[in-house]
Amino acid sequence: PMASTPGAARAYARLNRLCTALFTLSPQSLSPSRLALSRSSSLIQKRPVFTRVLPDVLPVEGTPMEKVATPALLVFSDRLDANLKAIHKDLPPGIKVRPHAKAHKSSVIGLMQIRAGATGLCAAKLREAEALVAGGCLDVCITNQIVGSGKIERLASLASVPGARISVCVDDSTNIKEIAKAMKKAEVKGLEVLVEINVGQNRCGVSPGKEAADLAQMVEDEGPWLKFKGLHAYHGSNQHVPNPTDRKATVENKVAGGVKETLSALKTKGIDCEVVTGGGTGSYTFEVGTGVYNEIQPGSYIFMDVAYSKVLDNTSEGKFVSSLFVLGTVISLNKKGGWAVVDAGMKSLSLDSGPPRIFSLDLQPRDQLEYVCGGDEHGIIKGKGATNYKVGDLVLLQPGHCDPTVNLYDEMTFMRKGKDGYEVEKLVEVTARGPGV
């Protein structure tokens, strides 16, 4: 909980900054799962404490939005709560929701998703999974391949945490044997393994059918250390196809076809498939509609960036609202040239999926304006009304891509509705930020 006085909050913030390395806090301050994890892995003990000397700029509870130092990553709690509920609406019985935490990289938000009905979480990297388990999110599926002796040892340590249920994807026979060897060495039985199949993204995954079934058999043969759990069948590049009819056709023809072929091959071998998981924010309704999936893993629904808003807004799928924004300040104005400059550039916003969308402080889009990258530290606002800003005015920017934008920040500032507008509710650490080693 946030300290109740400004002085105490600043002291607490300084202390937090001095303890940014995971597992460097005292055992008394750790949750049971985090304590078990810190004790279980020699690879993550004796980490150095990284210190960052920063001014006292972090806001305290009750700070008006106008007083928050910029650039800042804001999460509007009322909108986040709406998305937490919306993902579970209209799902048929038997469909589990396993949100992808790579969107927010936060055990706090992960726990919110679990309390709202999620069966567990997905993580893209081992580092994310470690941070989630340390924060109390114990059921984590790593939707990627864990390769290399050091990482595989960490995977075994993570699986040994009391109460943790870890699953991992594979698409290589050698990797299966290496993971089984590490689990045996750690004396940890029953690591759940999903065989990843390539259903059209042409990234990771083996070909559907016999090749995937053969890998599943290899996993079964490595019992009791490994246990075949099911299939991971995710088509990421289908998520942002503009036409929903095209997205649906890809799922029905390519994605579901690969799953069905593999299920048939597994049945021939007599191998049970507990889970078929996949489907993102832009397509999960179509995966559910095929009847072959029993778990979905949307991630960006929690925040809704510009890329997904373009695809889903004004459609029958558009039941989510934007909850994540970067708050910036106008620092320069050129009336003759017709532009304003904000203090949020490439170090504040990911531009890989396009520029941010500009909003007013009452969360209304200002689509007559456009954001142009001005470099590392600057964003340039152009368009009709750009020169109506004054130096010192605040601007809300909806990120083009939420995942890498969140990864730029140490903390998210949650905002709530107060008596005189939005105010700071709490700060939430981005516990799994970084490249995901």
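Relevant structure appears above.
Below: a short report on this structure. (Residues numbered from 1 in each chain as written. Predicted model: local features only at pLDDT ≥ 70, side-chain atom pairs only at ≥ 80, totals over all residues. Heavy atoms only, no water.)

With that settled, consider the pattern of salt bridges. Scanning all chains against the criterion turns up 19 salt bridges. Glutamate 274 is the salt-bridge partner of arginine 165, the closest N and O atoms lying 3.4 Å from each other. Remark: glutamate 274 occurs in the loop between α9 (244–269) and β8 (275–278) and arginine 165 occurs in strand β5 (residues 165–170); sequence separation between them is 109 residues. Each of Arg165, Glu192, Lys227, Lys229 and Glu274 takes part in a single network of salt bridges with overlapping partners. (Salt bridge = Lys/Arg side-chain N within 4 Å of Asp/Glu carboxyl O. Helix = DSSP H or I, 4+ residues; strand = E, 2+ residues; numbered from the N terminus.)

By secondary structure assignment, the location of aspartate 403 is in helix α12 (residues 402–406). Those residues within four positions of aspartate 403 in sequence are excluded, and the remaining contacts are Lys102, Ala103, Lys105 and Ser300. (Contact = heavy atoms within 4.5 Å.)

Moving on, we get to the environment of glycine 270. Among the secondary structure elements, glycine 270 is positioned in the loop between α9 and β8. Distance in space between the C-alpha atoms of glycine 270 and glutamine 217 is 9.5 Å, their sequence separation being 53 residues.

This part covers the packing of helix α8 (residues 210–221) against α9. The geometry of α8 relative to α9 is characterised by a closest axis approach of 8 Å and an angle of 45 degrees between their N-to-C directions. Comparing the axis directions of α8 and α9 gives the class oblique. Crossing of α8 over α9 shows right-handed handedness. Between α8 and α9, the residues in contact are Lys210, Ala212, Ala213, Asp214, Ala216 and Gln217 and Thr262, Ala265, Leu266 and Lys269, respectively. Residues belonging to the contact of α8 with α9 are distributed by class as follows: five nonpolar, two polar and three charged. (Axes fitted to C-alpha atoms, helices over the stretch in contact; angles between N-to-C directions. Parallel < 35°, antiparallel > 145°, perpendicular 65-115°, else oblique. Left-handed = near helix turned anticlockwise from the far one by under 90°. Nonpolar A, V, L, I, M, F, W, Y, C, P; charged D, E, K, R; others polar.)

What follows covers the nonpolar core. Counting 54 residues, the largest nonpolar core has Leu155, Ile166, Met183, Leu191, Val195 and Leu226 as its most contacted members. In terms of residues, this core owes the most to one element, α9, which gives six residues. Once you skip the residues sitting within four places of it in the chain, leucine 155 turns out to touch Leu126, Ile142, Ile146, Ile166, Val168, Ile179 and Leu191. With 44 residues, the next largest nonpolar core counts Leu312, Leu324, Val342 and Tyr371 among its residues. (Core = buried A, V, L, I, M, F, W, Y, C linked by side-chain atoms within 4.5 Å. Buried < 20%, exposed > 50% of the residue type's maximum accessible area, 1.4 Å probe, protein only.)

Strand order in the open sheet formed by eight strands is β2-β9-β8-β7-β6-β5-β4-β3, with parallel pairing between adjacent strands. The sheet is open, and its two edges are formed by β2 (96–97) and β3 (121–123), each paired on a single side. Pairing of strand β7 (residues 226–232) with β8 involves three bridges; the strand directions are parallel. In the sheet register, glycine 230 faces β8, and the bridge partner there is valine 275. Those strands touched by helix α6 (residues 149–159) are β4 (139–145), β5 and β6 (191–196), and its axis lies near 150 degrees from that of β5. Contacts from α8 reach β5, β6 and β7 within the one sheet, and its direction differs from that of β7 by about 155 degrees. (Pairing = 2+ DSSP bridges.)

If you check α8, its first and last C-alpha atoms are 16 Å apart, about what twelve residues at 1.5 Å a residue would give, namely 16 Å. Of the positions making up α8, those classed as buried are Ala212, Ala213, Leu215, Ala216 and Val219. Viewed along the axis of α8, the buried residues span an arc of 155 degrees, placing them on a single side of the element. Summarising the geometry of α8, the exposed residues directed more than 90 degrees from the buried face are Lys210 and Asp221. Where α8 is buried, its residues touch β5, α7 (173–186), β6, β7 and α9. (Expected span 1.5 Å × (residues − 1). Arc of directions from axis to C-beta.)

Right, let's get into the packing of aromatic side chains. Counted under the stated rule, the structure contains four aromatic pairs. Each ring, one from tyrosine 301 and one from phenylalanine 320, has its centre 5.6 Å from the other, and the planes form 55 degrees; the classification is tilted. With a gap of 19 residues between them, tyrosine 301 in the loop between β9 (295–296) and α11 (306–312) and phenylalanine 320 in the loop between α11 and β10 (324–334) connect regions that are remote in the sequence. In textbook terms, an aromatic cluster arises when at least three aromatic residues are bridged by ring pairs, as seen for Phe76, Phe325, Phe359 and Tyr422. One residue, lysine 426, lies across the ring of phenylalanine 414, its end atom 5.2 Å from the ring centre. (Phe/Tyr/Trp six-rings, centres within 6.5 Å; stacked < 30°, edge-to-face > 60°. Lys NZ or Arg CZ within 6 Å of the ring centre and 35° of its normal.)

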